[in-house]
Amino acid sequence: MPSFVPTSADTLEEQRLYTQARLAEVACLDCLATVAVKKNSDHHTSIQWNAEAVAACPELGRRGGPSGSRDGHRGCPRLLASIDAAVRDGKVPVGTEDGY
């Protein structure tokens, strides 16, 4: 149970911006799993997996999902390469905008 549930419009908008602003869809060039990606810097990549992407990714399937065996934090190397390619192609912007 959450200890804090935002209710004000400003707080809800802040939460939306923090979790959803500037997300770009990226499909893995290998298995076509599609995830939402945000890069706040060259060293920071936020990846939001959904059930369909987890099911499509053979790498995560071998490990039991994005957090299977606590090994999922490494991600999928083929997806990470696909994200790098999307950044190079300008499909995923790098940097924050108004802190997001």
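Fair warning: this is a prediction, and the values are worked out from it, not measured in the lab.

A. Spotlight on the overall build of the protein chain. Looking only at helices and strands, the protein chain has 4 helices and 3 strands in total. The order of α-helices and β-strands along the protein chain, N terminus first, is α-β-β-β-α-α-α. Classification of the 100 residues of the protein chain by burial places 29% in the buried group. Surface accessibility of the protein chain: about 6700 Å² in total, with carbon and sulfur atoms responsible for 51%.

B. Structural context of the pattern of salt bridges. Evaluated as defined, the whole model comprises 3 salt bridges. The partner of Arg-62 in a salt bridge is Glu-59, with the nearest N and O atoms 2.7 Å apart. Of the two residues, Arg-62 and Glu-59 both sit in helix 3 (residues 58-63), 3 residues apart, roughly one turn of that helix. For Arg-62, a relative accessible area of 58% corresponds to the exposed category. The class for Glu-59 is buried, based on a relative accessible area of 15%.

C. Looking closely at helix 4 (residues 77-88). Compared with an ideal rise of 1.5 Å per residue, which puts 12 residues at 16 Å, helix 4 spans 17 Å between its outermost C-alpha atoms and is within 8% of the ideal. Of all the positions in helix 4, only Leu-79, Ser-82, Ile-83, Ala-85 and Ala-86 are classed as buried. Each buried residue of helix 4 lies within a common arc of 160° when the element is viewed along its axis, so the set occupies one face. Of the surrounding elements, those touching the buried residues of helix 4 are strand 1 (24-27), strand 2 (34-41) and strand 3 (44-48). Just downstream of helix 4 lies Gly-90, where phi reads positive at about 80°.

Scoring rules and cut-offs
Residues numbered from 1 in each chain as written. Predicted model: local features only at pLDDT ≥ 70, side-chain atom pairs only at ≥ 80, totals over all residues. Heavy atoms only, no water. Helix = DSSP H or I, 4+ residues; strand = E, 2+ residues; numbered from the N terminus. Buried < 20%, exposed > 50% of the residue type's maximum accessible area, 1.4 Å probe, protein only. Areas by Shrake-Rupley, 256 points an atom, 1.4 Å probe, with all protein chains shown as cover. Salt bridge = Lys/Arg side-chain N within 4 Å of Asp/Glu carboxyl O. Expected span 1.5 Å × (residues − 1). Arc of directions from axis to C-beta. Contact = heavy atoms within 4.5 Å.

Functional significance is not addressed by these values, which are geometric in nature.
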